[in-house]
Structure formats: C-alpha cells, structure tokens
Amino acid sequence: MKLIVVENKNEIGKVVGKMFVNAVQANPKIVLGFATGSSPETTYQYLINDYQQNHTDWSNVVAFNLDEYIGLEPTHPQSYRYFMNEKLFNHINIKKENTHVPQGTGDYVAFANQYDEMIKKAGGIDIQLLGVGTNGHVGFNEPPADFNSLTRVVDLVKSTIEANARFFDSIDQVPKQAVSMGIKSILNAKKIILIADGPGKAQAIKQLIEGEISNEWPCTSLQMHNDVTVVVDKAAAGLLRTSGITLNENK
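What you see is a predicted model, and the numbers here were worked out from it, not measured in a lab.

Colleague: What exactly am I supposed to notice about the pairing of strand β9 (residues 191–196) here?
Modeller: Here β9 lies mainly inside the structure; 5 of its 6 residues are buried. Alignment of strand β6 (residues 127–130) against β9, held across 4 bridges, turns out to be parallel. Within β9, the residue paired with L129 across the bridge is I193. Alignment of β9 against strand β10 (residues 228–233), held across 5 bridges, turns out to be parallel. In the strand pairing of β10, A196 is matched with V232. Regarding the hand of the β-α-β motif, the stretch spanning β9, helix α7 (residues 202–210) and β10 is right-handed.

Colleague: Would you explain the pairing of β6 in this entry?
Modeller: Each regular strand displays side chains that alternate between the two surfaces of the sheet. Side chains I127 and L129 of β6 all project onto a buried face; the interleaved residues Q128 and L130 project onto the opposite face, where all are buried too. Here strand β2 (residues 31–34) pairs with β6 via 2 bridges, running parallel. Paired with L32 across the two strands is I127, which belongs to β6.

Colleague: Where do I start with the packing of aromatic side chains in this structure?
Modeller: In this description, a pair of aromatic rings is defined by centroid distance and the angle of the planes. Throughout the structure, instances matching the rule amount to 9 aromatic pairs. Between the aromatic rings of Y69 and F168, the centroid separation amounts to 5.9 Å while the plane-to-plane angle is 75 degrees, which identifies the pairing as edge-to-face. Highlighted residues: Y69 in strand β4 (residues 67–69) and F168 in the loop between α5 (158–164) and β8 (177–180), separated in sequence by 99 residues. For the pair formed by Y69 and F168, the shared burial category is buried. Chaining the aromatic ring pairs together yields one cluster made of F20, F34, Y44 and F89.

About the criteria used
Residues numbered from 1 in each chain as written. Predicted model: local features only at pLDDT ≥ 70, side-chain atom pairs only at ≥ 80, totals over all residues. Heavy atoms only, no water. Buried < 20%, exposed > 50% of the residue type's maximum accessible area, 1.4 Å probe, protein only. Helix = DSSP H or I, 4+ residues; strand = E, 2+ residues; numbered from the N terminus. Pairing = 2+ DSSP bridges. Right-handed = clockwise from strand over helix to strand, strands pointing away. Phe/Tyr/Trp six-rings, centres within 6.5 Å; stacked < 30°, edge-to-face > 60°.

In structure tokens:
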C-alpha cells in the first residue's frame, strides 16, 4: 500500500487527477470506477480543467460508479447519477451510454444482481476511486462488512445517514438504503486509489494503514489488495505514526 500525504483537499485533486489523466492517455479504452461525495470533487474538477485545456479524449472510456441511493430518480439533485453528470460527465466527452451508475428506482434489485457481470463484460475495472466514511465504510459497505459481498441492496447505518444529511433539507429526506458494490466487487479492480481529507477521516485512515484487517473497519479489506494508493491531506493523516510520502505542489 502506498501512502501519499499532501497539504489539503485541492492538492488531493491535483495528485489524483494527474493519475487519472495519465491513465486515460495511456489507455483510451480504460475502465474506471468512480465515487461520489465531497471528497472526489476536486479530482473531478481537475479532470474537467484538463479536458478544457488539453483535450484529453474520454470518448472510449467506460465508467462504473460505486453506489446509488434507493428511491431517488436519476434526475433528483441528490442522486449519484445526477452528481456524476453535474460534477464530471457533462463536462468531458465521455459517452453517456458508457457511464454506469447502479439503479435506485424500478427493478433495482435485478439491476444490482447484473452489475458485477456488466463490469466483467467490460473487462473489469482498471482503476477504482474510493472515498472512506468516518466509520471506515467504502462504497456503502457498512460495518460489520461482508468481505465476500458483491453489488447488492444495503441498509445505511445511523452515522452515515447523519453524515449525508447535510446534502438534504432534513435528515428525514436522507434515503435509508442504497445499492452498492460489495467489498469483493471493489477488490476485483486492478488498481485502487482511496482519498480522504479532514480530521473526521483520521481514525479510518489510521485503521486502514496501521490497523488489523477487520470487518468492523471495512476499509481494512484493502490491505488484501496488491495495488492500493492512499492519498490524504495532513489532517486525515493526523493520527498516523508514519507521515508517508509527502508531496508539495511543485511535484
């Protein structure tokens, strides 16, 4: 596992954004796994800026997202499909038919059951971007997590609902369930990049880097993968015994 510590969230966006741009340029037909939430926003903005300035070609890239709320239509402003369109897909030349987000309405159970096969048919995910919850969840795999799980319907725990309430008018509007890639689905990716910023993520990062593998901290499952890069700001790295690799903005 490689650890990179940077100054702040904007620097995370630059470092991880460059990784994705380099990967797309090296393999124009790459299959990417994306995440939602506040953590990847600076990364997506970097990709948009690069597309506008350097015209990196996304037309043959295939994308799969980690998860989606149950009960929210794709047009709902808090749905993850809407988020990805607004924060990335609408601003680069990726084909919408090449972008996949789990279905949160209609026959979402059947769609979830097909999702891993869709990924497999696309050749598997080359790089999976992850955030991490304060309780160590990746995707919506809440503790205690099933490390053999594939994409499925999950119940959200109270701490996750409370954390996501800031995106809604009230906590009562936050969905209580989601469709999420499972831990096994995530570990099937060839490469994983996990990002985190802020002191609220420090305990999860400490468990990920220095803790034992435990389903009480779902993120520790990544220790079983052979190609993981963790990019965090100094606040998220605040509880670590080691500072990792520190980059400055000129590198």
